[in-house]
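What follows is each chain in one-letter form.
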Amino acid sequence: MDTTNEAALREQTTLRLEKAMGSFGTAALAKMEQQLPWFRRMPPEQRSWIGLVAQAGIAAFVEWFKSAERTRPAIAGEVFGTAPRDLMRSVKLQHTIDMIRVIIDVVETRLDELAAPGGEAQLREAILRYTRDVAFGAAQVYARAAETRAAWDARLEALVVNAVLRGEVDDGMHSWAAALGWTSKPVTVIAGYTPEDEEPEVTIDQMQLASRRARVDVLAGVQGRRVIVIVGGAADPLEAARHIAAKCGPGPVVVGPQVGDLYDSTASARAALAGLRAAAGWPDAPRPVLAAELLPERALDGDEEARRYLVEQVYNPMCAAGAPLLDTLTTYLEQGSSLEATARLLFVHPNTVRYRLRRVAELTGLTPTDGRNAFTLRIALVLGRFSQRSPRT
């Protein structure tokens, strides 16, 4: 077929397409109603927007077919630009592909009627080329929307983490977390260091990957060399932290106490960060390590919450139990954890010393015969005495 005949056939087919164009949108909507369950479930307003998108696609095809140059159409602007952005959240990419397929079917069923005699192959080829470009255009639109959403989510995530660290855990922060789909309870905050020479975005992606393996939800943020991870829904925070630690850089990984929800997460974050600062005092600490296991180092490093805990939860219960308990513990620690030496100095039987040490363990949760627990008890004794000294000294 020579160029002149092609142009004549295209012109005749274009006239037929323009006359039938008004009925295409109605026919396409009717077929979508019949074949696509997700379309039937949509509210009327959204269905009308989809009808406009379908009509715009058909009109753009007719204009493109009419053109002798046949340049690649600007699909995103001409077709998808007619719909509001809210529609993008309601119609998935797969739904868009389904919609395109239905529109193609509507046109192809009327191919013999629409094409000028002898122009059927020309129209069929044009439909295939155009729908291919529509599919690519749809993919680009959704890809750009996904990139924009990902960038927005990353900013929201950083805002939530910063608010938790600053103690600004209010309803506004909760609305940010809700926008990210966060509903998890209970909550634990984990603090560690980023891998060397790794971009913050990569670190956060790695934390998200680790969270999927641990089957928990996370919100992560990078501040300098520190990485802060808010973990939600963990049955065992320490086990979840092992997955997080595997993605952190060299250095300690500290797990804050588990709290009820995001409103209380600042307390867990404070403990985790205090533990991260003080972890240098315990080089052989496990990785990850609970912030509660770093209480003595945190207290020596100036953490007031750790000092208060050791006084109120460790020293005061022993003090309330009576002087013999404190005297026994003090002597036992000073005598290098020797039962016999403690018994001789206190003029009691070794079994009495054992009983009092068991009583200390019951009251404090710390076993004096364990080296690490003994260190914590010694710090608690010193801090407790400080709390009881006279203001004039």
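Please read all numbers here as calculations on a predicted model, not as lab measurements.

Caption draft 1: Spotlight on the overall build of the chain. Within the chain one finds 18 helices and five strands. Taking all 393 residues of the chain together, 42% fall into the buried category. Of all intrachain contacts in the chain linking residues separated by at least 6 positions in sequence, the fraction that spans at least 24 positions is 69%.

Caption draft 2: Here's a closer look at the side chain of Thr376. Inspection of the secondary structure assignment puts Thr376 in helix α18 (residues 371-388). The exposure class of Thr376 is buried, given its relative accessible area of 7%. Not counting residues within four places of it along the chain, the set of residues in contact with Thr376 comprises Pro296, Leu310 and Leu366.

Caption draft 3: Fine view of the nonpolar core. Membership of the largest hydrophobic core comes to 33 residues, with the highest contact counts inside it found for Leu17, Met32, Phe61 and Leu123. Those elements that provide at least two residues to this core are α1 (3-35), α2 (37-40), α3 (44-66), α6 (93-109), α7 (111-114) and α8 (120-166). With nine residues, α3 is the largest single contributor of residues to this core. Excluding residues within four positions of it along the chain, Met32 makes contact with Phe39, Ile50, Met99 and Val102. Counting residues in each nonpolar core, the second largest holds 27 residues, with Val161, Ala191, Ala269 and Ala279 among its members.

Caption draft 4: Structural context of the packing of aromatic side chains. Enumeration according to the criterion identifies one aromatic pair in this entry. Here the basic side chain of Arg372 rests over the ring of Trp282, its NZ or CZ set 3.6 Å away from the ring centre.

Caption draft 5: Highlighting the sheet that holds strand β3 (residues 226-232). Strands sit in the order β2-β3-β1-β4-β5 across an open sheet of five strands; the sheet is mixed. Because the sheet does not close on itself, it has two edges, and the strands there are β2 (217-223) and β5 (289-290). One ladder, built from seven bridges, connects strand β1 (residues 187-193) with β3; its direction is antiparallel. Paired with Tyr193 across the bridge in β3 is Arg226. Those strands touched by helix α12 (residues 265-278) are β1, β3 and β4 (254-255), and its axis lies near 25° from that of β1.

Caption draft 6: View of the side chain of Gln122. Its place among the elements puts Gln122 in helix α8. In this structure Gln122 comes out as buried when scored by relative accessible area, which is 15%. Other than its neighbours up to four places away in sequence, Gln122 contacts Glu6, Leu9, Arg10 and Phe65.

Caption draft 7: A look at helix α10 (residues 200-214). Along its 15 residues, α10 runs 21 Å from first to last C-alpha, staying within 8% of the 21 Å computed at 1.5 Å per residue. Within α10, the full set of buried residues consists of Thr203, Met207, Ala210, Ser211 and Ala214. The buried residues of α10 occupy one face: seen down the axis, they fall within an arc of 105°. Residues of α10 that are exposed and point over 90 degrees away from its buried face: Glu201, Arg212 and Arg213.

Basis of the calculations
- Residues numbered from 1 in each chain as written.
- Predicted model: local features only at pLDDT ≥ 70, side-chain atom pairs only at ≥ 80, totals over all residues.
- Heavy atoms only, no water.
- Helix = DSSP H or I, 4+ residues; strand = E, 2+ residues; numbered from the N terminus.
- Buried < 20%, exposed > 50% of the residue type's maximum accessible area, 1.4 Å probe, protein only.
- Contact = heavy atoms within 4.5 Å.
- Core = buried A, V, L, I, M, F, W, Y, C linked by side-chain atoms within 4.5 Å.
- Phe/Tyr/Trp six-rings, centres within 6.5 Å; stacked < 30°, edge-to-face > 60°.
- Lys NZ or Arg CZ within 6 Å of the ring centre and 35° of its normal.
- Pairing = 2+ DSSP bridges.
- Axes fitted to C-alpha atoms, helices over the stretch in contact; angles between N-to-C directions.
- Expected span 1.5 Å × (residues − 1).
- Arc of directions from axis to C-beta.

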